[in-house]
Amino acid sequence: STCQRDNYTLYPLQNRFFVNALYGEDQLRQRVAFALHQILVTSGIEITQPSWMAPYFQVLSRDAFGSFRQLLYDITLNPAMGNYLDMNGNTKTRPNENYAREILQLFSIGLVKLNADGTPMRDGSGVPIPTYDQKVIEGFAKAFSGWSFGGRDTSKNDQFQNGNENWTVPMQAWASKHSTASKWLLDGRTLPAGQTPQQDLRDALDAIFAHPNVGPFIGRQLIQRLVTSNPSPAYLARV
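Below is a summary of the structure that appears in this document. (Residues numbered from 1 in each chain as written. Predicted model: local features only at pLDDT ≥ 70, side-chain atom pairs only at ≥ 80, totals over all residues. Heavy atoms only, no water.)

A few points about the overall build of the chain
Inference 1: In terms of regular secondary structure, the chain is built from 11 helices and 4 strands.
Inference 2: Expressed along its principal axes, the backbone C-alpha trace of the chain runs to roughly 60 × 50 × 30 Å.
Inference 3: Residues classed as buried in the chain amount to 42% of the 239 residues present.
Inference 4: Taking as baseline every contact in the chain between residues at least 6 positions apart, the subset at least 24 positions apart corresponds to 60%.
Inference 5: Looking at the chain as shown, the accessible area adds up to about 12100 Å², and 51% of this sits on carbon and sulfur atoms.
Inference 6: Looking at charge distribution, the chain has the averaged site of its 22 positive side-chain charges lying 1 Å from that of its 20 negative ones. (Helix = DSSP H or I, 4+ residues; strand = E, 2+ residues; numbered from the N terminus. Buried < 20%, exposed > 50% of the residue type's maximum accessible area, 1.4 Å probe, protein only. Contact = heavy atoms within 4.5 Å. Areas by Shrake-Rupley, 256 points an atom, 1.4 Å probe, with all protein chains shown as cover. Lys, Arg positive; Asp, Glu negative; His and termini not counted. Charge placed at Lys NZ, Arg CZ, Asp CG, Glu CD.)

Given below as structure tokens:
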């Protein structure tokens, strides 16, 4: 019915997105935001309400011309992303690896180490060199533990899983739900034991942002969505 479509599906948000994309005066921002949401993906099948998904689109639009580090921070704490990839409600007792895998594999550095021109680095046998292993995934999963919907009372452990679902503000941290163990990150870097959720999140995102794969990995995807589908290594290196 019209009521179902207009009030309980993503149709109103989708309609507004395309109106902005086609007729907005800020065409470059619209195109970059559209490119980013093809890279930093959430699901409209799982996040079904327009009011839940709208802040995700707003993050991409607001950060379209900002730093990639800020974009990673804002998208990591977005409730739609948190629910889609299970960082929302991730606890120290059973650290969920879903977001840890996706932020590394799809959102930032990819599976193999890259040269500046996007070609894979290879070992002495000609095999591409992996960017990370299972130990790194486990480390990031622990680093991303202890976050849930914003606006709840973090002094009450039961509100970590239960309480108002505020989709309009960033997720917030529960120190009692965060793993305080040491964490193994990229290229042998470790996080010390005893850090707060905020410190671990900051340091984990810094480690990703500083990785040399970010430029060629994200650069290629932005070129493909904004310029040409098959950029040459020389072009990618210049970008």
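Considerations on the nonpolar core
Inference 1: With 53 residues, the main nonpolar core has Tyr99, Ile103, Leu104, Phe140 and Phe144 as its most contacted residues.
Inference 2: Of all the elements in the fold, those that place two or more residues in this core are helix 3 (27-37), helix 4 (50-62), helix 5 (68-76), helix 6 (79-84), helix 7 (98-105), helix 8 (134-143), helix 9 (197-209) and helix 10 (214-226). (Core = buried A, V, L, I, M, F, W, Y, C linked by side-chain atoms within 4.5 Å.)

Re the packing of helix 2 (residues 11-23) against helix 3
Inference 1: Remark: helix 2 packs on helix 3, axes separated minimally by 8 Å, with the N-to-C direction vectors making an angle of 135 degrees. As judged from the angle between their axes, helix 2 and helix 3 are oblique. On helix 3, the residues touching Phe17, Asn20, Ala21, Leu22 and Tyr23 of helix 2 are Gln27, Gln30, Phe34 and His37.
Inference 2: For the contact of helix 2 with helix 3, the residue count by class is 5 nonpolar, 4 polar and no charged. (Axes fitted to C-alpha atoms, helices over the stretch in contact; angles between N-to-C directions. Parallel < 35°, antiparallel > 145°, perpendicular 65-115°, else oblique. Nonpolar A, V, L, I, M, F, W, Y, C, P; charged D, E, K, R; others polar.)

Considerations on the environment of Gln221
Inference 1: Mapping Gln221 onto the fold places it in helix 10.
Inference 2: C-alpha separation for the pair Gln221 and Ala35, spaced 186 residues apart in sequence, amounts to 8.2 Å.
Inference 3: Sequence-distant contacts of Gln221, that is, excluding residues within four places in its chain, are made with Ile39 and Leu106.

Points about the packing of aromatic side chains
Inference 1: Counted under the stated rule, the structure contains 10 aromatic pairs.
Inference 2: Considering the side-chain rings of Phe17 and Phe18, the 5.1 Å spacing of their centres and the 80 degrees angle between planes classify their relative orientation as edge-to-face.
Inference 3: With relative accessibility at 13%, the residue Phe17 sits in the buried group.
Inference 4: A relative accessible area of 46% places Phe18 in the partly exposed class.
Inference 5: Lys135 extends its terminal NZ or CZ atom over the ring of Trp184, reaching a point 4.0 Å from the ring centre. (Phe/Tyr/Trp six-rings, centres within 6.5 Å; stacked < 30°, edge-to-face > 60°. Lys NZ or Arg CZ within 6 Å of the ring centre and 35° of its normal.)

Concerning the pattern of salt bridges
Inference 1: Tallied over the full model, the rule gives 8 salt bridges.
Inference 2: With its nearest N and O atoms 3.9 Å apart, the salt bridge here joins Asp153 to Lys156.
Inference 3: What you see here is one network of salt bridges that share partners, running through Arg62, Asp63 and Asp74. (Salt bridge = Lys/Arg side-chain N within 4 Å of Asp/Glu carboxyl O.)

As for helix 7
Inference 1: Residues of helix 7 that are buried include every one of Tyr99, Ala100, Glu102, Ile103 and Leu104, and no others.
Inference 2: The secondary structure elements touched by the buried residues of helix 7 are helix 5, helix 6, helix 8 and helix 9.

Concerning the environment of Asp86
Inference 1: Within the fold, Asp86 resides in the loop between helix 6 and helix 7.
Inference 2: C-alpha of Asp86 to C-alpha of Ala100: the two residues are 14 residues apart in sequence and 9.6 Å apart in space.
Inference 3: Setting aside residues no more than four positions away along its own chain, Asp86 makes contact with Met81, Asn96 and Asn98.
Inference 4: At a separation of 2.9 Å, a polar atom in the side chain of Asp86 contacts the side chain of Asn98. (Polar contact = N/O pair within 3.5 Å; in protein donor to acceptor, adjacent residues only side chain to side chain.)

A few points about the environment of Pro128
Inference 1: Within the secondary structure, Pro128 is located in the loop between helix 7 and helix 8.
Inference 2: In sequence terms Pro128 and Val112 are 16 residues apart; their C-alpha atoms lie 6.2 Å from each other.
Inference 3: Not counting chain neighbours up to four residues away, the residues in contact with Pro128 comprise Val112, Pro120, Met121 and Arg122.

Comments concerning a nonpolar patch on the surface
Inference 1: Among the surface-exposed residues, Phe18, Leu22 and Tyr23 lie close enough to one another that they form a single nonpolar patch of about 400 Å² accessible area.
Inference 2: Summarising the element assignment, Leu22 is placed in helix 2.
Inference 3: According to the relative accessible area criterion, Leu22 is exposed, its value standing at 57%. (Patch = residues over 30% accessible without salt bridge, like charges linked within 9 Å, V, L, I, M, F, W, Y side chains within 5 Å.)

Read these as layout, nothing more, since geometry by itself doesn't imply function.
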